[in-house]
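Given next are the chains, with one letter for each unit.
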Amino acid sequence: MARLADYFVLVGYELDKRGSRDGQGQILQRFPEKDWEDNPFPQGIELFCQPSGWQLFTERNPPTFFVAVLTDISSERHYCACFTFWEAVESAQSHSRNGEEEEEASVSHVQPAQLFAPKSLVLVSRLDHTEVFRNSLGLIYTIYVDGLSASLENVIGNLLTCTIPITGGAQRTISLGAGDRQVIQTPINDSLPVSSCSVALLFRQLGITNVLCLFCAALTEHKILFLSSSYQRLTDACRALLALMFPLKYSFTYVPILPAQLLEVLSTPTPFIIGVSSIFHSETQELLDVVIADLDGGTVTIPECIHISLLPEPLLHQTREALSMILDPELEVADLAFPPSTVSASSLKMQDKEIRAVFLRLFAQLLQGYRWCLHIIRIHPEPVIRFHKAAFLSQRGLVEDDFLTKVLEGMAFAGFVTERGAPYRAIDLFDELVACEVKRMRAEEGSKQKILRHIKELAEQLHKNENPYPAVTMHKVQKPTEGCYLRLHQRPFPRLDEGTVQWIIDQATAKLQTAPPAVKAEKKCMVPSGPPIAAIMERNGSALANSARRLEVVRNCISYVFENKMLEAKKLLPAVLRAMKGRAARHCLTQELNLHVQQNRAVLDHQQFDFIVRMMNCCLQDCTAMDEHGIAAALLPLVTAFCRKLSPGITQFAYSCVQEHVVWTNIQFWEAMFYCDVQNHIRALYLESNGENHVDEEGKEGPQEEKSALEIASEQRRLWPTMSREKQQELIQKEESTVFSQAIHYANRMSYLLLPLDTSKNRLLRSSGLGDVESVSNSFVTNSIAGSVADSYDTESGFEDAESSDVANYVVRFINRFVDKVCTESGVTNEHLKGLHIMIPDIVQMHIETLDAVHRESKRLPPIQKPKLLRPSLLVGEECVMEGLRVYLMPDGREEAAGGNIGGPPLLPAEGAIFLTTYRIVFKGTPSDPLVGEQVVIRSFPIASLTKEKKISTTVQTDQFIQEGLQLRSCTFQLLRIAFDVEVASESAEVFRKHLHKLRYPQHVRGTFAFTVGQSPKQAMQPKAKEKNPSLRTLSKNLVKNAKKTIGRQYVTRKKYTPPAWEHRSSQHFQEDDEDEISVSEEIDRSTLTPSTIIKPSDKMTMSHLVERACCRDYQRMGLGTLSNSLTRSKNEPFRISTVNRMYAICRSYPGLLIVPQSIQDNTIQRISRCYRQNRFPVVCWRNSRTKAVLLRSGGLHGKGVVGLFKSQNTPTAGPSQTDSTSLEQEKYLQAVINSMPHYADASGRNTLSGFTSAHMSSAGKWGSIRASGRMSNYVLNMEIGSRLAGKDLVSAQHNGAPSEASFLRQHRASLYIIGDKSQLKGAKPDPLQHWEVVPIEVFDVRQVKASFKKLIKACVPGSPSTDPSLTYLRTLEESEWLSQIHKILQVSVLAVELLDTGSSVLVSLEDGWDITTQVVSLVQLLSDPYYRTMEGFRLLVEKEWLSFGHRFSHRGAQTLAGQSSGFAPVFLQFLDCVHQIHLQFPMEFEFTQYYLKFLSYHYVSNRFRTFLLDSDYERIELGLLYEEKGERKSQQVYKSIWDYIDRLNKKTPVFFNYMYAPEDGEVLRPYSNISNLKVWDYYSQEVLSEGPSYDWELAQGQPEQVEEVDRQDSSAPQTKRKIIWPCYDNRSRVEPDAISKLLEELHNLEAELGQVPECWKDAWDKVKASQRTETRQEVSRMASSSLLMSSSLVPHRRSLGVYLQESGVGSTLNLSLDSDTSSPSAPSSGKQGGRKSTSNLYSQFQMSESENRSYEGTLYKKGAFMKPWKPRWFVLDKTKHQLRYYDNRNDTECKGVIDLAEVESITPGTPTMGAPKTVEEKAFFDLKTTKRVYNFCAQDVQLAQQWIDRIQSCLSDA
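Rules of the game
Residues numbered from 1 in each chain as written. Predicted model: local features only at pLDDT ≥ 70, side-chain atom pairs only at ≥ 80, totals over all residues. Heavy atoms only, no water. Helix = DSSP H or I, 4+ residues; strand = E, 2+ residues; numbered from the N terminus. Buried < 20%, exposed > 50% of the residue type's maximum accessible area, 1.4 Å probe, protein only. Contact = heavy atoms within 4.5 Å. Areas by Shrake-Rupley, 256 points an atom, 1.4 Å probe, with all protein chains shown as cover. Phe/Tyr/Trp six-rings, centres within 6.5 Å; stacked < 30°, edge-to-face > 60°. Lys NZ or Arg CZ within 6 Å of the ring centre and 35° of its normal. Pairing = 2+ DSSP bridges. Axes fitted to C-alpha atoms, helices over the stretch in contact; angles between N-to-C directions. Core = buried A, V, L, I, M, F, W, Y, C linked by side-chain atoms within 4.5 Å. Parallel < 35°, antiparallel > 145°, perpendicular 65-115°, else oblique. Left-handed = near helix turned anticlockwise from the far one by under 90°. Nonpolar A, V, L, I, M, F, W, Y, C, P; charged D, E, K, R; others polar. Salt bridge = Lys/Arg side-chain N within 4 Å of Asp/Glu carboxyl O. Patch = residues over 30% accessible without salt bridge, like charges linked within 9 Å, V, L, I, M, F, W, Y side chains within 5 Å. Lys, Arg positive; Asp, Glu negative; His and termini not counted. Charge placed at Lys NZ, Arg CZ, Asp CG, Glu CD.

**Considering the overall build of the protein chain**
Inference 1: Across its full length, the protein chain carries 58 helices and 46 strands.
Inference 2: Expressed as a percentage of its 1855 residues, the buried residues of the protein chain come to 54%.
Inference 3: Considering only contacts within the protein chain whose residues lie at least 6 apart along the sequence, 73% involve residues at least 24 apart.
Inference 4: For the protein chain, the computed accessible surface area is about 82800 Å², with 54% contributed by carbon and sulfur atoms.

Written out as structure tokens, the structure reads:
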């Protein structure tokens, strides 16, 4: 029973303080005056009566009622029911009442208005019966106001003495003795809150979302403030929020109505729920962290800085749905066509309960299974219970969930555990719901009807709890008459007589004492636990996600380890480590390991130990500090069980190797573990005592359900009252000592896991105690058993004691904190606790001592058997600079080796070592994947080709360590991505990088491998001594400095000369700022250098050497004059060899001997050279043997020569009078070149310009527009070569993307075309008097080549697999623009070839004349002259154009320190790529193979040979390289020249020889250059991991043979000839050679067997070829037209696609040439290529020989198709086939084209057109018009022409 009301208080306005600003209330009377012992009087009631402050009012207000809640110190809530009414205040002026009346009557006097003061009746109670309070206080007011007969004292006395039952659903009728009657019902179960309608009202005021938001805010401990103008509503809202939180209880500040004076409470830091009158709305605006709910406005305002975690989905959604079903049932049927008539919400009271039912269900779902995560630590004397939060979250699968985590950490939940954790207590609705209904709730999910039904059932129970008796007798309470408060003459509330009230109270108290105590009959029982979480969660299946297969692998691996089948285990280990990502696999691991522990100990050998530790570490590394899956908990007993003997008496346990995990430093983890163990022991304690009696029974009943600790506890609590005092004491003591012993055990365990193995290293527990989770991925001890790593630390630090004590202190402090917490919580006695504190330092100290011994011994252990380091084989003269560092070769973006797109086992990552030699960086090792562990992986590249090195950190799969690594890129398209092994100290890695850098960028070229080869590598590392004689570079630098001083800044512009306008006569300068990375040192005025400073040997000797150079041999081959006849100046030759540059004085980057026109004097040359960049004036480098046109090369033009610089700059150029002499000399030079051409000499009588008006000249630099007579006018063409080459091909461009024939340049063909850079030719004006013409083209500069190359490398050898799907290989390839640069070079080259072939000379004058110029000039020669397609010729070409003409190999290849900044520019590689493209299109035209090109590509950057070092012949002579070849052959093995090496190799093996080589005489190649025709060179993407690059022939040979021998011995299986080859691993050409190589090899072997002297392969091959030719000849007579077997209509002049089969046995040549008839190869849009099915094609298949069908034949000139030149052809008129065929010459067997006579419409006399033969008369021309086009012909003379016309006419008429 409890008192209904504790105190009755009368509070009034304090009139004495009237003058002050704020009024105050004062307690006028209180009853009883003495405090109750059990319930002191609450302070500050007067504040709460008028929460918005005490004020006087000018009118009477109606009485108000509200309930305020006060909380006392012991957090008991007191409900203060305040009933307030207003009384008149006597005014200060008058004292008499009558006076008042008179004044009121007479209005004439102006009086101050009457004031009314509030007065409150307050009931203070601990029970919340709002309605009873309202009625009782109302009754008192009624008695007073209406003057009823009842005595106020009596009523108040009765009120204060009225007692009612607290709970149990009793009904009690009370009367206060004023003829009133009230019925009080108490709730059945007082643990359920009473809410009447408040919850429903709250939802009405704020809406579903807002209330849910407040609900979550309250649960996650945010501050909540309600605003309303009604106090009662504030109280209701607060009460409603608390009711929703059931079963959790709110334990922070709770003030439903906060008085004005206490507003500063709102800035408290703790959470609260507070209500404030909306008058103070403005005061609440400044609160930054408070959620404000405005009940009147229905809004909830959440400040920006607050994040409220909402319920986890799907609960949030389900709750919302359920609430809307209750609050807005119409919503469901709103869209129905025929809505049911009766859909209405329940009454407010029922709605209130339904809403609460929804929240009750929500909590049951949130907390389902919570009882399975309770740890009971003590049962007697009082149960002590802890909740295992991590386990709960993990089992619920909500580890990441913010909301639940916060709720479980909150105070409310802590209270919940304390209150509801007890195993034996009374239970309520929630307990039943969470235990029994969870399954039902699962089942009903998704069915709205069932959910609603369940909600209604729960609501019924809640309603029943509040109103147990539905038929309530009516209250009978008198109410005042309406409007009574307005009465004028209301006497003030009387002063009550304290005595009377006190007397009534005393009597009642006495009566109560005599009455027997009311015993609350509590129905205690065992609290049901409900189904375990796992059973509930199964439907999610998240727990079962891990496949059984993985668990099988884990089990197998562990059993292999314990059976000591280490190889098997090693194979499975990677799979196991991968599986460890899954939770099930980790649990499986712990269970399996558990099986192998006997008597808490499992001794392993070293390898087993390492495996187990590796698995444990992997298992732990994904555990968070919470260890929510209990993995660390399960491993904890195991890490102290598994051990290995290090030496007699010293054992190392697994814990010393798994310390580096963050979970061990988390004190919550240790607590949970501790409580779990204590629970198990206490359970065991009680099981033992009971177990003795029940042994026999259990045997009979079979397996029984094991009792859980909670069940045992509940049983024990039930028996407790029945036990004797001694028994109770005994149990308490047993439990206490159990806990104590566990505490000691845990102190030990913690010291094991917290003290590092090497305590001298101050590795303080990851110092932070909770280190960054990621950083602590793994212990580094595992890898090398006990850390061969430790050696790299400094063990003798000298501070050992100090530091180890630091570690010790830290650990002691940590353990002490832990022990204090758990022992106080679990009630360990103080003596025991003190004892523990004394023990802990000793435990730690002892452990440190044992660890020292273990550490010492473990360092002695041999590190784990890692794979033996395989040493790479070295070249002769190559030496190791650094011994191998153990590394892992990691996979990069190329998938093949990692077993990617083509399948196959992953060869990478591989484990091995990286070696640095004087020549290469080599990785050699074996794949980590045990399935391919026998293979050897080699990746290497020359140091000189290194282009980029960057540090990376990667994770090595096997160990999960993050490791330091390097990524090294090479321009031989190789990438080494290595991760250093743990044992490699970071210093060694640094040393490696430094050495690498020194070797990559030597101080001088002499430091490169080609020079140092054979010396000891130490010297290579020394800094160079100062050179004795200053090199030219220093000289030139000084010169440039002086020049700068004299000239001023303007002329030596940044690293680049100022290119002028093309027009030499204008004095304009165009400043160009694009840098070309040409160093200034080469731009000095050469005339200042006296020859003697440059060349030491005498002139004579120099001359003889120069004559031997490649250039000279080539000049003689082309008949450009020998040196002797140049010196005697025989005038008949147009060119001579000039020795003007023999001292390299004119142009340092040119060769010593140059071809210049005969007529030009040497001193003129010196002047001309100054007009050109780098003094590279035009020189002849090739002459067409047929047309005698010449190809010249030069650098781009300067403004004026150097001479021009010193002239006055500002003289205006008025006219030709002031034109500089140089410029005239230059023109003279060009004219001399033109004069040398025979057809120019022929035409000396006819000026080329005759008959042309200046109008035709208007299109300067364009392909002139053609205005031919009538029939041509439909092909109007006006386009610019430049734009053409820039890729803007117009419609009529021919298929192969290059201008087809040069006749479309201008209608008269210029004698010399100058291909120049568009940007420099801006000012060029055409000059009608010149015989040359400028072709401006856009070229890319070296910077673009560099950028493009970088992108190309990244595309072909990506550093890591691309994650971005848009960046595919082809996309990146396209973005690199490499192929478009190749396209541009080929296009320009083909253009030049066409021009030369038609008899015009070409001068290529681009950039400085040593990059693109060289590429174009070399390609032109290669395409035009078959000699250069032989091996000898190609060598000559490279020596002449690239080496002698000064391509800057060292600078472009960044070979020395000086070039490091400029970076690598693969200009020569680009040229080789172009050659490769041509080779692909014409495979039968080249004597060498693709391998030859790859070989050059590799070695021109490798620095193995000296050939491609330095920038010019001059520099080579300066170093004494050029002429050393003779007599310097001391070391036979070390080749200095790549050409010698290739020659030697070519004698030994046909690797460079192309068996398909069958050249056509004089064939000019015209390759297609469209990007669609270009292929990416396989050199860029191929690699051979079995032997490294195959270009160092000695290294690549000789390995595989032995390997195969070994294979043969082991395998007992039957021998097969099959060998599996992997694309990226094996060398295909060696494993599977082509047929001819194989035959040659067999021949060789046979000769060896027969004991003959083996002959060279070349001789054998030549014999076969010769015999084959003779046989073929006999055959041809029988099968003359075999070549016409396939006459398809593919593109012209391409023998490349021919299938060229030669069978020596039969001797027949099947030459299936895919050639079409080329009557008009490029007629635009004529469409004839594909479509003609004429008779000729049919005949050609049957006719065996064509000889008998030739009715008339002879030579005619034929004008080519549109825009092609006139060509002489051999024509054959064939009556039988009715066609006119033509051939290139009389002996040609292959028909070049056919004109079907059936299509001929007419034959008419013609007129000569542009480019026609000059000597022929006009009448010799005739035209043949067919349906498709007009053919223009020209015979030698008029008679022949007439004859042809007649013959054709007669053919036509016959038909």
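**Considerations on the environment of G1806**
Inference 1: Following the sequence through the fold, G1806 ends up in the loop between β44 (1800–1805) and β45 (1821–1826).
Inference 2: Take G1806: its relative accessible area is 11%, and that puts it in the buried class.
Inference 3: Along the primary structure G1806 and C1834 are separated by 28 residues, whereas in three dimensions their C-alpha atoms are 8.4 Å apart.
Inference 4: Look past the residues within four positions of G1806 in its chain and what remains in contact with it is E1818, F1821, F1822 and D1823.

**Focus: the packing of aromatic side chains**
Inference 1: Counting across every chain of the model gives 82 aromatic pairs.
Inference 2: Centre to centre, the rings of F215 and F359 are 4.8 Å apart; their planes meet at 65°, and the pair counts as edge-to-face. Taken together, the residues span a long stretch of sequence, with F215 in helix α6 (residues 208–219) and F359 in helix α10 (residues 348–366) at a distance of 144 residues.
Inference 3: The exposure class of F215 is buried, given its relative accessible area of 0%.
Inference 4: For F359, a relative accessible area of 1% gives the class buried.
Inference 5: Between F1468 and Y1500, the ring centres sit 4.9 Å apart and the planes meet at 75°, which makes this aromatic pair edge-to-face. Of the two residues, F1468 sits in helix α47 (residues 1467–1481) while Y1500 sits in helix α48 (residues 1490–1502), which places them 32 residues apart along the sequence.
Inference 6: Its relative accessible area of 6% is what places Y1500 among the buried residues.
Inference 7: Looking at R749, its charged tip hangs above the ring of Y746, at a distance of 5.3 Å from the centre.
Inference 8: Between R1117 and the ring centre of Y1428, over which it is positioned, the NZ or CZ distance is 5.1 Å.

**A closer look at unusual backbone geometry**
Glycine aside, the phi torsion of most residues is negative, and most peptide linkages are trans.
Inference 1: Put simply, F31 and P32 share a cis peptide bond, and its omega is -15°.
Inference 2: By secondary structure assignment, the location of P32 is in the loop between β3 (25–31) and α1 (45–49).
Inference 3: Note that the residue after F246, namely P247, is joined by a cis bond; omega there is 15°.
Inference 4: Within the fold, P247 resides in the loop between α7 (231–245) and β11 (253–255).
Inference 5: Backbone geometry at E221 places phi at a positive 65°, although glycine is not the residue there.
Inference 6: Mapped onto the secondary structure, E221 falls in the loop between α6 and β10 (223–228).
Inference 7: Take E221: its relative accessible area is 27%, and that puts it in the partly exposed class.

**Describing the sheet that holds β11**
Inference 1: Spatially, the five strands line up as an open sheet ordered β11-β12-β10-β13-β14, and their pairing is mixed. Each edge of the open sheet is held by one strand with a lone partner, namely β11 and β14 (299–301). Each strand of the sheet is rotated relative to its neighbour by a mean of 20°, with strand direction disregarded.
Inference 2: Of the strands in this sheet, β10, β12 (272–277), β13 (290–294) and β14 are in contact with α6, which crosses β10 at around 140°.

**Some thoughts on the nonpolar core**
Inference 1: Grouped together as the largest cluster of nonpolar side chains are 263 residues, with contacts concentrated most on F226 and F642.
Inference 2: When neighbours within four sequence positions are excluded, F642 is seen to be in contact with F562, L593, V597, A602, L604, F609, I612, M616, Q652, F653 and A654.
Inference 3: Core analysis: the next-biggest nonpolar cluster, separate from the first, contains 134 residues, C971, L1192, V1404 and F1449 among them.

**Examining the packing of helix α19 (residues 548–562) against helix α22 (residues 606–621)**
Inference 1: Contact geometry of α19 with α22 gives a least axis separation of 9 Å together with a crossing angle of 155°. Taken together, the axes of α19 and α22 lie roughly antiparallel to each other. Of the two possible hands of crossing, α19 and α22 adopt the one that is left-handed. Two secondary-structure elements touch here, α19 through C557, I558, V561 and F562 and α22 through Q608, F611, I612 and M615.
Inference 2: Class assignment for the residues of the contact of α19 with α22 results in seven nonpolar, one polar and no charged.

**Here we look at the sheet that holds strand β4 (residues 64–71)**
To summarise the sheet geometry, strands pair through backbone hydrogen bonds and adopt either a parallel or an antiparallel arrangement.
Inference 1: Across the sheet, five strands lie side by side as β3-β2-β6-β5-β4; this open sheet has antiparallel pairing. Across the chains shown, the open sheet's two edge strands, defined by having one partner strand only, are β3 and β4. Each neighbouring strand pair of the sheet contributes to a mean axis angle of 25°, computed without reference to strand direction.
Inference 2: Where β4 and strand β5 (residues 77–89) come together, eight bridges link them in antiparallel fashion.

**A look at the pattern of salt bridges**
Where charged atoms of side chains with opposite charge meet at close range, the side chains can pair.
Inference 1: Applying the stated criterion to the full structure yields 71 salt bridges.
Inference 2: Between K1825 and E1801 there is a salt bridge, with its nearest N and O atoms 3.5 Å apart. With K1825 in strand β45 and E1801 in strand β44, the pair connects residues that are 24 residues apart, well separated along the chain.

**Some remarks on the pairing of strand β37 (residues 1401–1405)**
Inference 1: Taking burial as the measure, the five residues of β37 include five buried ones, the bulk of the element.
Inference 2: Judged by which residues are buried, β37 turns out to be covered on both faces: S1401, L1403 and S1405 on one side and V1402 and V1404 on the other are all buried.
Inference 3: As defined by bridge partners, strand β32 (residues 1190–1194) adjoins β37 across four bridges and the pair is classed as parallel. Across the sheet, R1193 pairs through a bridge with V1404, a residue of β37.
Inference 4: Across five bridges, the pairing between strand β35 (residues 1312–1317) and β37 is parallel. Residue pairing across strands places L1312 opposite S1401, the latter belonging to β37.

**Some details on the pairing of strand β20 (residues 642–647)**
Inference 1: Burial analysis of β20 places five of its six residues in the buried class, which makes it a mostly covered element.
Inference 2: Taken together, the three bridges between strand β19 (residues 602–604) and β20 define a ladder with parallel strand orientation. In the strand pairing of β20, V603 is matched with C643.
Inference 3: As paired elements, β20 and strand β21 (residues 650–653) share four bridges and run antiparallel to each other. When the sheet's bridge partners are listed, C643 is paired in β21 with F653.
Inference 4: Connecting the antiparallel pair β20 and β21 is a turn made up of two residues, with G649 showing a positive phi of about 80°.

**With respect to a positive patch on the surface**
Inference 1: A cluster of like positive charges, contributed by K948, K950, K1350 and K1354, occupies part of the molecular surface.
Inference 2: Looking at the positive patch, the elements with two or more residues in it are β26 (946–956) and α41 (1342–1356).
Inference 3: As for its placement among the helices and strands, K1350 is situated in helix α41.

All quantities given are derived from atomic positions and should not be read as evidence of function.
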